[in-house]
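# A closer look at the structure
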Amino acid sequence: MTLLDATPAAAAPRRTWLPVCRLDDLARERGVAALVPDGPDGRLEQVALFRLVDDRVLAVQQHDPFSDAHVLARGIVGSRQVDGDEVPTVASPMYKQVFDLRTGACLDPAGKQPVPGLPADLRTWPVRVAAGAVEVAVADGPAEDAP
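Now for a quick tour of the structure. Everything quoted here is computed from the prediction, not taken from an experiment.

### Considerations on the overall build of the protein
Broken down by element type, the protein carries one helix and 13 strands. Residues counted as buried form 37% of the 147 residues belonging to the protein. Partitioning the contacts of the protein with sequence separation of at least 6, the portion at a separation of at least 24 is 49%. Per element, the accessible surface of the protein, about 8,500 Å² overall, is 53% carbon and sulfur.

### Remarks on the sheet that holds strand 10 (residues 106-108)
Strand order in the open sheet made by the four strands is 7-8-9-10, with antiparallel pairing throughout. The open sheet is flanked by strand 7 (76-82) and strand 10, the only strands paired with a single partner. Put simply, the sheet's adjacent strands are angled 40 degrees from each other on average, direction ignored. Summarising the sheet, strand 9 (residues 98-100) and strand 10 pair through two bridges and their orientation is antiparallel.

### A closer look at the environment of Leu107
You can see Leu107 is positioned in strand 10. Separated by 25 residues in sequence, Leu107 and Val82 place their C-alpha atoms 8.7 Å apart. Beyond its immediate stretch of four places on either side in the chain, Leu107 contacts Arg80, Val82, Val87, Thr89, Val98, Phe99 and Asp100.

### Brief notes about the nonpolar core
Residues Phe50, Val60, Phe99 and Leu101 are the most contacted members of the largest nonpolar core, which totals 14 residues. Elements with a contribution of two residues or more to this core: strand 3 (44-51) and strand 4 (57-61). Membership of the second largest hydrophobic core comes to 13 residues, among which are Leu23, Leu26, Val47 and Val134.

Definitions and limits used
- Residues numbered from 1 in each chain as written.
- Predicted model: local features only at pLDDT ≥ 70, side-chain atom pairs only at ≥ 80, totals over all residues.
- Heavy atoms only, no water.
- Helix = DSSP H or I, 4+ residues; strand = E, 2+ residues; numbered from the N terminus.
- Buried < 20%, exposed > 50% of the residue type's maximum accessible area, 1.4 Å probe, protein only.
- Contact = heavy atoms within 4.5 Å.
- Areas by Shrake-Rupley, 256 points an atom, 1.4 Å probe, with all protein chains shown as cover.
- Pairing = 2+ DSSP bridges.
- Axes fitted to C-alpha atoms, helices over the stretch in contact; angles between N-to-C directions.
- Core = buried A, V, L, I, M, F, W, Y, C linked by side-chain atoms within 4.5 Å.

Next up, the structure:
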């Protein structure tokens, strides 16, 4: 038996798909903010949703870690070449940092540092479109252990 065999895998948190709007409510290449409950305590999080030209919808935190303001849904949607791939991006409307909308990674800090104590990268949420409704996966709480 190896150490990997002896160590139980960490369970993923339970998630619920929460409908937040209709796909037709979102303009292409624009962002909108949504308020979703997240976590076992039900605290509310602001999520910035972006509908791309190909109708994919991606979600990142609305909170800009560089300006400490909830403004990312008002950012400029674009794209960048990253490791030979074209990736969808959003530029903060405050100080113009550029973030990968798929991963939340800060691609260009624009010569600034995030607010002390905050990571430069954004949190992301899984999103799906089901029967024309945009749904965001929100955490219900810790995963239940298997019997």
